[in-house]
Amino acid sequence: MRLRNVKGARDVMQESEYVFADPDSMAGQWKEIFGNDNPVQIEIGMGKGKFITTLAGLNPGINYVGIEKYSSVLIRAVEKQNELKLPNLKFIRMDAEKITDIFGKGEVDRIYLNFSDPWPKDRHAKRRLTSKEYFARYDVILKQDGEVHFKTDNRDLFDFSLEEVENAGWKLKAYTFDLHHDEKLNEGNIMTEYETRFSEEGKPINKLIAYR
């Protein structure tokens, strides 16, 4: 999908008090950044930010960090945060490959991956956010009892992800091929923009929770 360039988006990223644009290293600094010892949860590939903004509003005792590569997408979340001014929500514009530079060992309590890019070609498999290469990165930044929560409408990507959890030496806490009809896993579920659209189209949503 071709992303539309939003004029001035990069300037907004540089000037916003809520955004860290292209940071080099922030590992070990999150207690100081938020000014407290609250748990830190992150969403990688947060898009326009509906999911993480909703979470932050509902859970003031948890700090949230949304990560998005594209300024033209992230700007929508920044505009919303400018209205809400949630003290427990920050954004980073960056490529997720550098995630271990941004969070230190055991600094993150939970990782959310929602409707990630499927990178359908086999040669790009290691770029998928649920590849064993990325699970190796998560192994560094997650606390020992931390979890990865992944949702997608893409069944091929989901099947790949189920296999990669095992290949990475992780375990499945739970999974479903039809989240919205799974009473247990759907409890308290917050839908993303994509999830709302896909559900209205009748597409089932897959979800897994992985741990070590």
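Residues numbered from 1 in each chain as written. Predicted model: local features only at pLDDT ≥ 70, side-chain atom pairs only at ≥ 80, totals over all residues. Heavy atoms only, no water.

Draft legend 1. Expanded view of the sheet that holds strand 7 (residues 171-176). The mixed open sheet is built from eight strands, whose spatial order is 1-4-3-2-5-6-8-7. Both edges of this open sheet fall to strand 1 (19-21) and strand 7, since each of them pairs with a single strand only. Sheet twist, expressed as the average angle between the axes of neighbouring strands with direction ignored, equals 15 degrees. Pairing of strand 7 with strand 8 (residues 206-211) involves five bridges; the strand directions are antiparallel. Looking at the pairing, Tyr-175 lines up with Leu-208 of strand 8. (Pairing = 2+ DSSP bridges. Helix = DSSP H or I, 4+ residues; strand = E, 2+ residues; numbered from the N terminus. Axes fitted to C-alpha atoms, helices over the stretch in contact; angles between N-to-C directions.)

Draft legend 2. View of the pairing of strand 4 (residues 89-93). In terms of residue burial, strand 4 counts as a mostly covered element, since five of its five residues are buried. Taken together, the five bridges between strand 3 (residues 63-68) and strand 4 define a ladder with parallel strand orientation. Bridged to Gly-66 within strand 4 is Phe-91. Read from strand 3 through helix 4 (residues 71-84) to strand 4, the crossover connection turns out right-handed. (Buried < 20%, exposed > 50% of the residue type's maximum accessible area, 1.4 Å probe, protein only. Right-handed = clockwise from strand over helix to strand, strands pointing away.)

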